[in-house]
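Observations on the three-dimensional arrangement
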Amino acid sequence: MKVYIIGAGPGDPDLITIKGARLVETCPIVLYTGSLVPQRVIERASSTATVLDSSKMTLEDIISILEEAKKKDQDVARVHTGDPSIFGSTAEQMRKMDELGIPYEIVPGVSSFTAAAAMLGKELTLPEVSQSVVITRAEGRTPMPEKEKLETFASTGATLVFFLSVLHIRKIVEELIPHYGKDCPVSVVQKATWPEQKIVTGTLETIVSKVKEEKITATAIIFVGKVLDCHDFADSRLYASDFSHKFRKANKKEITRKAHESLS
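Residues numbered from 1 in each chain as written. Predicted model: local features only at pLDDT ≥ 70, side-chain atom pairs only at ≥ 80, totals over all residues. Heavy atoms only, no water.

Below, the discussion takes up the overall build of the protein. When you go through the protein residue by residue, the secondary structure sums to nine helices and ten strands. In the protein, which comprises 264 residues, the proportion classed as buried is 42%. Residue pairs at least 24 apart in sequence account for 67% of intrachain contacts in the protein once pairs closer than 6 positions are excluded. Summing over all exposed atoms, the protein offers an accessible surface of approximately 15,100 Å²; the carbon and sulfur share of this is 52%. (Helix = DSSP H or I, 4+ residues; strand = E, 2+ residues; numbered from the N terminus. Buried < 20%, exposed > 50% of the residue type's maximum accessible area, 1.4 Å probe, protein only. Contact = heavy atoms within 4.5 Å. Areas by Shrake-Rupley, 256 points an atom, 1.4 Å probe, with all protein chains shown as cover.)

Here it is in structure tokens:
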């Protein structure tokens, strides 16, 4: 018996991994987060499987189901949204399973933030613009660790990605403007890859009113950073003709030409 903690992806049922889909199809018990995982993902389950929605369950309810499955030697597809490693609420489940001797395995999925970036058609790391991505959330009912304050992250100038924070977007803007400036690009993607997906783009100065106008209050990713509207960035060295790596040698003539250019 094993519990498979499966990342179902951001919403599009085709974005679950092959392994994740196979486990949903074959496990005799499918326990899924009904508030976020689309029904089309769960429709893969066998007609003989026990399919349970955990959205109204407590941690104790979930663990009792897993304990019963262990007694019956039945595998469980524990289906979460996105990727289980990021704001997945899986750590407390794994801690209890460790205590109870219930074996488990994590099956990674496409995170909602990478799916949202794809919907925007953006690369979050651009040479000489931003080479770091900070994934965080605004402080709400869940307090932030003392050293993880937004102003600390903002001081780096990195690309910022916010989960679970759209209700606090006004506060985010107020804290970021001193570091990024009013004209810094911002994008908000609600329900990335879902049929009802919404994309709102603006700046730190305009984004609050735009989000309010679109009535976005949940299930959204917020991106902040110059990479969102930057076209004057350096090409990656990976494909440069004068750059050598394991799979390709640099063009010596090109190296000489660029050396002459730098001296002229």
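With that out of the way, let us pick up the pattern of salt bridges. Two side chains carrying opposite charge are able to pair once their charged atoms lie near each other. Inspection of the entire model under this criterion finds eight salt bridges. Notably, a salt bridge pairs Glu 105 with Lys 2, separated by 3.2 Å at the nearest N-O pair. Of this pair, Glu 105 sits in strand β5 (residues 104-107) while Lys 2 sits in the segment before β1 (3-7), and the two are 103 residues apart along the sequence. The exposure class assigned to Glu 105 is partly exposed, which follows from its relative accessible area of 21%. (Salt bridge = Lys/Arg side-chain N within 4 Å of Asp/Glu carboxyl O.)

Any two packed helices are characterised by the angle at which their axes cross and by the distance between the axes. The N-to-C vectors of helix α3 (residues 59-71) and helix α4 (residues 91-100) enclose an angle of 40 degrees; their axes lie 11 Å apart at closest approach. One way to sum up the angle between α3 and α4 is to call them oblique. The crossing of α3 and α4 is right-handed. Between α3, through Leu 59, Ile 62, Ile 63, Leu 66, Glu 67 and Lys 70, and α4, the contact on the second element is made entirely by Glu 92, Gln 93, Lys 96, Met 97 and Leu 100. Partitioned by chemical class, the residues of the contact of α3 with α4 number six nonpolar, one polar and four charged. (Axes fitted to C-alpha atoms, helices over the stretch in contact; angles between N-to-C directions. Parallel < 35°, antiparallel > 145°, perpendicular 65-115°, else oblique. Left-handed = near helix turned anticlockwise from the far one by under 90°. Nonpolar A, V, L, I, M, F, W, Y, C, P; charged D, E, K, R; others polar.)

Pairing is parallel in the open sheet, where five strands are placed in the order β3-β2-β4-β1-β5. Two strands bound the open sheet, and with one partner strand each, they are β3 (50-53) and β5. The average undirected angle you get between the axes of adjacent strands in this sheet is 20 degrees. Pairing geometry for β1 and strand β4 (residues 76-80), over five bridges, is parallel. Note on β4: the bridge partner recorded for Tyr 4 is Ala 77. Sheet strands touched by α3: β1, β2 (29-32), β3 and β4. Its angle to β2, the strand with the most contacts, is close to 165 degrees. Those strands touched by α4 are β1, β4 and β5, and its axis lies near 155 degrees from that of β5. (Pairing = 2+ DSSP bridges.)

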